Amino acid sequence: MTEAMHKSAPAGSFRQPVNVRLAEDGLSVRILDQTQLPNRTVYLDLSLPEQQYEAIEKLRVRGAPAIGIFAAMAYAVAAARSKQAETAELLAELAQFSNYLNRSRPTAVNLSWALNRMHTFATDRQALSKSQLLRQIRQEAERIQQEDIAMCRAIAQFGLSLLHEGDTVLTHCNAGPLATSLYGTALGPVLLAKEKRLDLKVFADETRPLLQGARLTAYELQQAGVDVTLICDDMAGLVMKQGLIQACLVGCDRVAANGDAANKIGTSQVAVLANYYHIPFYVLGPGSTIDMNCPDGDHIVIEERSGEEIRSLYYQEPMAPQGIKFYNPAFDVTDHSLITAIVTEKGIIRPPFKQELARWFS
Ligand code: MRU
């Protein structure tokens, strides 16, 4: 599909994000609780730091860009709720808040990126009156969401230019609107194609253990009317061998300066399989996910989560013996040598990634 076709996209086709929103009075952030999907649509209003920390930690709000947007809005809420009259004390309190929230999950760089951006923004404006400062902090948080919408749209356009009408793509985890603002990253090209009435089909890996593929990707794509087929993670190799997949599209939580890309556990297996079957493997993500301070994948901290997620969560009864040892890393790193291209809002970046990422993002 060509770039020219993208330019004819209907204007104003954006809907409003539903996953993360700042309350009218600025005193809480409203999220769609992703742990309850697809069976229940539950919104939560989170005003306290402990609630916000828990929401990130428990994946009520999840997906690297959405975590960043949420953190920025939580920062604005903390500022609005602060009792400090003096700006210096307000900023000290916000620095403490940022450090606290930043510890909720380690792998997605968007969390620290958004908190740093908010705190630098506030510090640079400390000469303003408190009410002006609070207003601008709120605007900055909302700007991060608006920018994400524009970035996802651009990523979707670039991503779509890599595909052909009738293609079936395989995706892992959930990198759709729920994980971002609108469109998503890996699902962006698919949703944009739908908008343009172009035919693309999707195979979605269920994504053990937290089932983001089954619960969220299958749900979002079905809602959007996209032809989506759910498979277990261990079926990806077979569908590739059967010739059913023309491209793999995945999101990312942190891309190192050499192109190594951290994403949901299991992504690197998909990349190895895709490489074996000569299927292009694309990583899609906004510039805020590229961490030029991180030299390579070995420097990316991989979150480890509770064994209960493997043993019993989402089962009616535990599916492993009581007391079994567990290991539950939530992410893995796909070696840059397995990645065909990294698609960002700035364009399609191809190897050699170290040189190209430095050229685009230094
Ligand atoms: O643990 P999660 O559900 O937050 O992991 C999410 C992913 O790995 C996504 O693929 C990634 O954040 C990209 S979201 C556009």
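Quick look at the structure, then. Positions within a chain are numbered from 1, following the residues in the order the chain's sequence is written. Local features in a predicted model are, by the rule used here, given only for residues with pLDDT of at least 70; side-chain atom pairs are given and counted only at 80 or more, and totals for whole chains, interfaces and linings are based on all residues. To get the side-chain values, all heavy atoms of the structure are used, and hydrogens and water are removed first.

## Side note on the sheet that holds strand β6 (residues 227-231)
How we decide: A pair of strands is treated as paired once DSSP finds two or more bridges between them. Helix and strand labels come from DSSP, where a helix needs a run of H or I of at least four residues and a strand needs a run of E of at least two; each type is numbered from the N terminus. Between N-to-C directions, angles cover 0 to 180 degrees, with each direction set by a line fitted to C-alpha atoms, over the stretch in contact for helices. Working rule for contacts: check all heavy atoms of both residues, and any pair within 4.5 Å makes them a contact.
Strand order in the open sheet made by the 7 strands is β6-β5-β4-β7-β10-β13-β14, with mixed pairing throughout. Because the sheet does not close on itself, it has two edges, and the strands there are β6 and β14 (347-349). Strand-to-strand twist in this sheet, taken as the mean axis angle between neighbours without regard to direction, amounts to 25°. Two elements, strand β13 (residues 341-344) and β14, share 3 bridges in a ladder whose sense is antiparallel. Along β14, the bridge assignment pairs threonine 344 with glycine 347. Docked against the sheet, helix α6 (residues 130-160) engages β10 (281-284), β13 and β14, running at close to 145° with respect to β13. Of the strands in this sheet, β13 and β14 are in contact with helix α12 (residues 353-361), which crosses β14 at around 150°.

## Overview of the site of the ligand
The condition is simple: What makes a residue near a molecule or strand is one non-hydrogen atom of that residue sitting within 4 Å of it. N or O atoms closer than or at 3.5 Å make up a polar contact, with two conditions inside protein: a donor-capable atom paired with an acceptor-capable one, and, for residues adjacent in sequence, both atoms drawn from side chains. All accessible-area figures derive from a Shrake-Rupley calculation using a 1.4 Å probe, and residue coverage is judged against the displayed protein chains alone. In this analysis a 1.4 Å probe is tested at points of a 1 Å grid over the protein atoms alone, and where it fits but cannot get out there is a cavity; an open set with protein on both sides within 12 Å along at least five of seven lines is a pocket; lining residues have an atom within 4 Å of a point. In this scheme, a molecule is assigned to a cavity or pocket if more than half of its atoms are within 2 Å of the grid points. Amino acid classes used here: Ala, Val, Leu, Ile, Met, Phe, Trp, Tyr, Cys and Pro are nonpolar; Asp, Glu, Lys and Arg are charged; the rest, including Gly, are polar. All domain edges in this entry derive from an automatic or database-based domain assignment.
Around the ligand, 19 residues are found, and the nearest of them are Arg62, Arg105, Gln212, Asn263 and Lys264. One of the backbone nitrogen or oxygen atoms of glycine 63 is found 3.1 Å away from an oxygen atom of the ligand. Starting from 410 Å² of accessible surface for the ligand in isolation, the protein chains cover 100%. A majority-of-atoms criterion places the ligand in the largest cavity. Within the residue set of the shell around the ligand, elements represented by two or more residues are α3 (64-81) and β9 (261-264). Looking at the shell around the ligand residue by residue, the classes come out as 8 nonpolar, 7 polar and 4 charged. The residues that make up the shell around the ligand include at least three from each of domain 1 (5-152) and domain 2 (160-361).

## Quick look at the packing of helix α4 (residues 87-102) against helix α5 (residues 109-124)
Let me state the cut-off plainly: Every angle not falling under 35 degrees, over 145, or within 65 to 115 is termed oblique; those three ranges are roughly parallel, roughly antiparallel and roughly perpendicular.
Across the interface, α4 lies against α5 with an axial gap of 10 Å and an inter-helix angle of 175°. In terms of orientation, α4 and α5 fall into the roughly antiparallel class. The segment α4 lies against α5, with Leu91, Leu94, Ala95, Ser98, Leu101 and Asn102 engaging Leu111, Ser112, Leu115, His119, Ala122 and Thr123. Here the contact of α4 with α5 is built from residues that sort into 7 nonpolar, 5 polar and no charged.

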